[in-house]
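Structure assessment
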Amino acid sequence: MDLTLDLSHRSILIIGGAHASRRSIARYRAAGAAVHLATETPAPSAAKPVEWPRSADGWRGLLSTMDLVVLVGATPAVDAMVAALATESRVWLTRERAAATGPVGHVTLVGGGPGDEGLMTVAALRALRDADIVYFDRLGPHDRLADWAPGAEFVDVGKLPGHHTVPQAEIERAIVASALAGRTVVRLKGGDPFVFGRGGEEVLACRVAGVPVSVISGVSSAIAAPGIAGIPVTHREVSRLFTVVSGHAPFTEEQLAHLVGLGGTIVVLMGIGTLPHLSAGLARHGMDAAMPVAIIERAFTDSQRTTVASIGTVVASSTQAGIRSPAVIVIGEVVRLAHDADVAAVELLDHAARLAR
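Just so we're clear, the structure is a prediction, and the values are computed from it rather than from any experiment. (Residues numbered from 1 in each chain as written. Predicted model: local features only at pLDDT ≥ 70, side-chain atom pairs only at ≥ 80, totals over all residues. Heavy atoms only, no water.)

**Regarding the overall build of the protein chain**
Scanning the protein chain for helices and strands turns up 12 helices and 17 strands. For 357 residues, the compact-globule formula gives about 21 Å, and the C-alpha radius of gyration of the protein chain, at 27 Å, lies well above that figure. Once the C-alpha set of the protein chain is aligned to its principal axes, its extents read approximately 85 × 40 × 35 Å. Here the contacts in the protein chain between residues at least 6 apart in sequence split such that 64% fall between residues at least 24 apart. When the accessible surface of the protein chain is split by element, carbon and sulfur atoms take 56% of a total near 17,400 Å². (Helix = DSSP H or I, 4+ residues; strand = E, 2+ residues; numbered from the N terminus. Rg over C-alpha atoms; globule rule 2.2 N^0.38 Å. Contact = heavy atoms within 4.5 Å. Areas by Shrake-Rupley, 256 points an atom, 1.4 Å probe, with all protein chains shown as cover.)

**Some remarks on the pattern of salt bridges**
Counting across every chain of the model gives 21 salt bridges. For Arg144, the salt bridge is made with Glu117, and the minimal N-O distance between the two is 2.7 Å. One end of the pair, Arg144, is in the loop between strand E7 (133-136) and helix H5 (145-148); the other, Glu117, is in the loop between strand E6 (106-111) and helix H4 (122-129), and 27 residues separate them in sequence. With its nearest N and O atoms 2.5 Å apart, the salt bridge here joins Arg336 to Glu333. On the basis of relative accessible area, Arg336 is assigned to the buried category, the value being 10%. When salt bridges with common partners are traced through the structure, they connect Asp137, Arg187, Lys189 and Glu202 into a single cluster. (Salt bridge = Lys/Arg side-chain N within 4 Å of Asp/Glu carboxyl O. Buried < 20%, exposed > 50% of the residue type's maximum accessible area, 1.4 Å probe, protein only.)

**Describing the sheet that holds strand E14 (residues 265-269)**
Read from one edge to the other, the open sheet built from 5 strands follows the order E13-E14-E17-E15-E16, with strand pairing classed as mixed. Bordering the open sheet on either side are strand E13 (242-246) and strand E16 (305-310), each of which pairs with just one other strand. Looking at each pair of strands side by side, their axes are set apart by 20° on average, direction ignored. In terms of strand pairing, strand E15 (residues 292-297) meets strand E17 (residues 327-331) through 5 bridges, oriented antiparallel. Paired with Ala294 across the bridge in E17 is Val330. (Pairing = 2+ DSSP bridges. Axes fitted to C-alpha atoms, helices over the stretch in contact; angles between N-to-C directions.)

**Points about the sheet that holds strand E8 (residues 153-156)**
An order of E8-E7-E11-E6-E12 is seen for the 5 strands of this open sheet, with the pairing classed as parallel. Edge positions in the open sheet fall to E8 and strand E12 (213-216), since each of these has one partner strand only. Here the average twist between neighbouring strands, direction ignored, is 20°. Its contacts with the sheet place H4 against E6, E7, strand E11 (184-189) and E12, and it is angled at close to 140° to E6.

**With respect to the confidence of the model for the protein chain**
Across the protein chain, the average pLDDT comes to 91, with 92% of residues at 70 or higher. Per-residue pLDDT stays below 50 along residues 342-353; that stretch engages in 15 contacts with residues further than four places along the chain or on separate chains. (pLDDT = per-residue confidence, 0-100.)

**What about the layout of surface pockets?**
With a probe scaled to a water molecule rolled over the atoms, the places where space remains empty come into view. In this model, the second largest pocket occupies a volume close to 590 Å³. Along its surface, the second largest pocket is lined by 26 residues, and Arg97, Arg126, Ala127, Arg129 and Asp130 are the ones closest to its centre. Elements with a minimum of two residues in the lining of the second largest pocket: helix H1 (22-30), strand E5 (92-96), E6, H4, H5, E11 and E12. With 5 residues, the single largest contributor to the lining of the second largest pocket is H4. Looking at side-chain class alone, the lining of the second largest pocket contains 12 nonpolar, 5 polar and 9 charged residues. (1 Å grid on protein atoms, 1.4 Å probe; cavity = no way out; pocket = protein on both sides within 12 Å on 5 of 7 lines; lining within 4 Å. Points joined across faces, edges and corners; volume = space filled by probe spheres on them. Nonpolar A, V, L, I, M, F, W, Y, C, P; charged D, E, K, R; others polar.)

**Quick look at unusual backbone geometry**
Cis geometry marks the peptide bond from Ser325 to Pro326; its omega dihedral reads 0°. The topology assignment puts Pro326 in the loop between helix H11 (314-321) and E17. The phi dihedral of His9 is positive, around 65°, even though this residue is not glycine. Mapped onto the elements, His9 comes out in the segment before strand E1 (11-15). If you check the backbone angles, Met270 has positive phi at about 55° while not being a glycine.

**Some thoughts on a nonpolar patch on the surface**
There is a patch of nonpolar side chains on the surface, built from Val195, Phe196 and Met270 and spanning about 240 Å² of accessible area. Looking at the secondary structure, you find Val195 in the loop between E11 and helix H7 (199-209). By relative accessible area, which is 31% here, Val195 ends up partly exposed. (Patch = residues over 30% accessible without salt bridge, like charges linked within 9 Å, V, L, I, M, F, W, Y side chains within 5 Å.)

**Some details on the packing of helix H9 (residues 253-262) against helix H10 (residues 275-284)**
Packing of H9 against H10 brings their axes to within 9 Å, and their N-to-C directions diverge by 65°. When the axis of H9 is compared with that of H10, the two are roughly perpendicular. The handedness of the crossing between H9 and H10 is right-handed. Residues Glu253, Leu256, Leu259 and Val260 of H9 form the contact with H10, whose participating residues are His277, Leu278, Gly281, Leu282 and Arg284. (Parallel < 35°, antiparallel > 145°, perpendicular 65-115°, else oblique. Left-handed = near helix turned anticlockwise from the far one by under 90°.)

**Side note on the packing of aromatic side chains**
The final tally for this structure, using the stated rule, is 1 aromatic pair. Both rings, one in Trp52 and one in Trp59, keep their centres 5.0 Å apart while their planes meet at 85°; by these two values the pair is edge-to-face. Residue Trp52 shares its accessibility class with Trp59, and that shared class is buried. (Phe/Tyr/Trp six-rings, centres within 6.5 Å; stacked < 30°, edge-to-face > 60°.)

**Brief notes about the nonpolar core**
Of all hydrophobic cores here, the largest spans 21 residues; its most connected members are Leu282, Ile295, Ile329 and Ile331. Secondary structure elements with two or more residues in this core: H9, E14, H10, E15 and E17. Non-local contacts of Ile295, meaning those with residues more than four positions away in its chain, are made with Ile272, Leu275, Arg305, Thr306, Thr307, Val314, Ser318, Ile323, Ala327, Val328 and Ile329. Residues Val233, Val308, Val334 and Val335 belong to the second largest nonpolar core, which totals 16 residues. (Core = buried A, V, L, I, M, F, W, Y, C linked by side-chain atoms within 4.5 Å.)

In structure tokens, the structure reads:
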């Protein structure tokens, strides 16, 4: 169905089982259409029921009152007959895939990327299109959920730094309960579900409950946020590896020593609150105080900002700039390649060019 068409107040006839047709019914109702359902097995439905015609003349009369006919999982005989009569009556006809009808539904963990809807995958949009209910996060793209999953139920389970409106255990119970009720569930998360997204916990909760579950990977802000600022996490002759870490909790002395010893690029997610501890610890274990640091705030939004400093100055610079989450921290020589910074980077770029030679 193309929802760019104006279906307001149009009469739509859906032919198929009530449960199998539920997503089609929800989408057309969300588009403002008057939706009627013809089914051989009557069941409660959000569409207005119409009597199943017993003859070709009955079908002909019914179709002539409609603007669009939608076949959802119809038998070959019904499909052929309705298609012929729709052509004869000059009524538009389309066919749509039936929704899942098993006693247990399905959960799909969807990575929505770093916030830019253009970075969502085709698979992510397809999963949303088929969803009965969507549990979404604050950092995932959700402004256009009504377009991507028309007619679905939306539940905000987003978390703020230091404050979880809906506890993780409750999120897991909710998605499992929805699937056990036979619904098609999408858990829409920012970035990638398996990169500090607690996706693994949600997959395990589904498996324990016997709920089918799948994962659609997303673009992680660990790579995309530095990229939008012009910072490659690896660069020939500059950095041959990168390490992605969570700054949610302070690092141990052993971890800090290993991070310095690895070299390369360090990307820190959720690290603004522990930045003083991290920068001091890296310096204490031998990182050069002049090592460049970039902080990319609110990547892929109109208020995106990149601040460039060094290990020795980053705490003072971030305090002066009033840096806040969400932000991605990048530590390493690759920061000298940044093109989107509120600190002049000409000298840094010259240094990077010398390293590359």
